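A structural walkthrough
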Amino acid sequence: QVQLVESGGGLVQPGGSLGLSCAASGGGFSINNMGWYRQAPGKERELVADITRGGSTDYAGSVKGRFTISRVNAKNTVYLQMNSLKSEDTAVYYCAANTMIRGYWGQGTQVTVSS
């Protein structure tokens with residue numbers, strides 16, 4: 001059983017930066033992709049960015065050039081550095097990870113971009 005524990009998030013002004021981290025426990029070498037999704041009020045959950053164990057990344061078009069995803073395999077930890085934040089980035093951000101058998105979600109952390 002994999003457990004995902006997120007940290008970071010909070011309130012930031014437009015144009016500011018924020019970092020998220022997510023540590024996976026219980027998965028060991030079975031964890032493949034890790035990533036971040038977000039869900040704004042009244043909207044569906046959407047992919048923000050994900051990263052393979054080998055380091056290949058994929059980003060939503062709306063965050064390319066502003067957000068950077070990275071991971072440390074030895075720690076089964078994934079990070080999301082968010083720069084040049086906009087009000088439309090406001091959402092609950094969820095960490096995700098998958099193994100060969102199933103996917104897992106974190107509990108979510110609120111990111112609010114507001115002046």
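Presented here is a report on the structure given in the accompanying data block. No experiment lies behind these values; they were computed from the predicted model shown. (Residues numbered from 1 in each chain as written. Predicted model: local features only at pLDDT ≥ 70, side-chain atom pairs only at ≥ 80, totals over all residues. Heavy atoms only, no water.)

Within the fold, Asn33 resides in the loop between β3 (18-25) and β4 (34-39). Residue classification places Asn33 among the partly exposed positions, given a relative accessible area of 26%. Measuring from C-alpha to C-alpha, the distance between Asn33 and Thr99 comes to 7.6 Å, with 66 residues separating the pair along the chain. With residues up to four places along the chain from it excluded, the contact list for Asn33 reads Asp50, Ile51, Thr52, Arg71, Ala96, Ala97 and Asn98. (Helix = DSSP H or I, 4+ residues; strand = E, 2+ residues; numbered from the N terminus. Buried < 20%, exposed > 50% of the residue type's maximum accessible area, 1.4 Å probe, protein only. Contact = heavy atoms within 4.5 Å.)

Turning our eyes to something else, we now look at the sheet that holds strand β7 (residues 67-72). Reading across the sheet, the four strands line up as β1-β3-β8-β7 and stay open at both edges, with antiparallel pairing between neighbours. For this open sheet the edge positions go to β1 (3-8) and β7, each flanked by a neighbour on one side alone. Here the average twist between neighbouring strands, direction ignored, is 15°. The pairing of β7 with strand β8 (residues 77-82) spans six bridges and is classified as antiparallel. Bridged to Ser70 within β8 is Tyr79. (Pairing = 2+ DSSP bridges. Axes fitted to C-alpha atoms, helices over the stretch in contact; angles between N-to-C directions.)

Let us look at the side chain of Thr109. One can find Thr109 in strand β11 (residues 109-113). Taking relative accessible area as the criterion, Thr109 reaches 11% and is therefore assigned buried. Not counting residues within four places of it along the chain, the set of residues in contact with Thr109 comprises Glu6, Gly8, Gly9, Leu20, Ala91, Val92 and Tyr93.

What the rule picks out here adds up to one disulfide. Each sulfur of the disulfide joining Cys22 and Cys95 lies 2.1 Å from the other. On the sign convention where negative means left-handed, the S-S torsion of about -80° between Cys22 and Cys95 marks this disulfide as left-handed. Note that Cys22 is positioned in strand β3 and Cys95 in strand β9 (residues 91-98), a separation of 73 residues in sequence. Like Cys22, the residue Cys95 is buried in the burial classification. (Disulfide = S-S within 2.5 Å.)

Within the fold, Gln107 resides in the loop between β10 (103-105) and β11. When residues no more than four places from it in sequence are discounted, the contact partners of Gln107 are Leu4, Val5, Glu6 and Tyr94.

We now examine the nonpolar core. Side chains of nonpolar character tend, in soluble globular proteins, to be buried together. Trp36, Leu80, Met82 and Tyr93 are the most contacted members of the largest nonpolar core, which has 30 residues in total. Those elements giving two or more residues to this core turn out to be β3, β4, β5 (46-51), β7, β8, β9 and β11. Every residue in contact with Met82, bar those within four places of it in the chain, is listed here: Gly16, Ser17, Leu18, Leu20, Arg66, Phe67, Tyr93 and Val111. (Core = buried A, V, L, I, M, F, W, Y, C linked by side-chain atoms within 4.5 Å.)

Here we take up the packing of aromatic side chains. Per the counting criterion, the structure on display carries two aromatic pairs. Taken together, a centroid distance of 5.0 Å and an interplanar angle of 75° make the contact between Tyr37 and Trp105 edge-to-face. With a gap of 68 residues between them, Tyr37 in strand β4 and Trp105 in strand β10 connect regions that are remote in the sequence. Under the relative-accessibility criterion, Tyr37 is labelled partly exposed at 25%. Between Tyr94 and Trp105, the aromatic rings sit 6.4 Å apart at their centres with planes inclined by 85°, giving edge-to-face as the arrangement. Remark: Trp105 occurs in strand β10 and Tyr94 occurs in strand β9; sequence separation between them is 11 residues. What makes Tyr94 buried here is its relative accessible area of 15%. (Phe/Tyr/Trp six-rings, centres within 6.5 Å; stacked < 30°, edge-to-face > 60°.)

Limitation: the analysis is restricted to geometry and does not speak to function.
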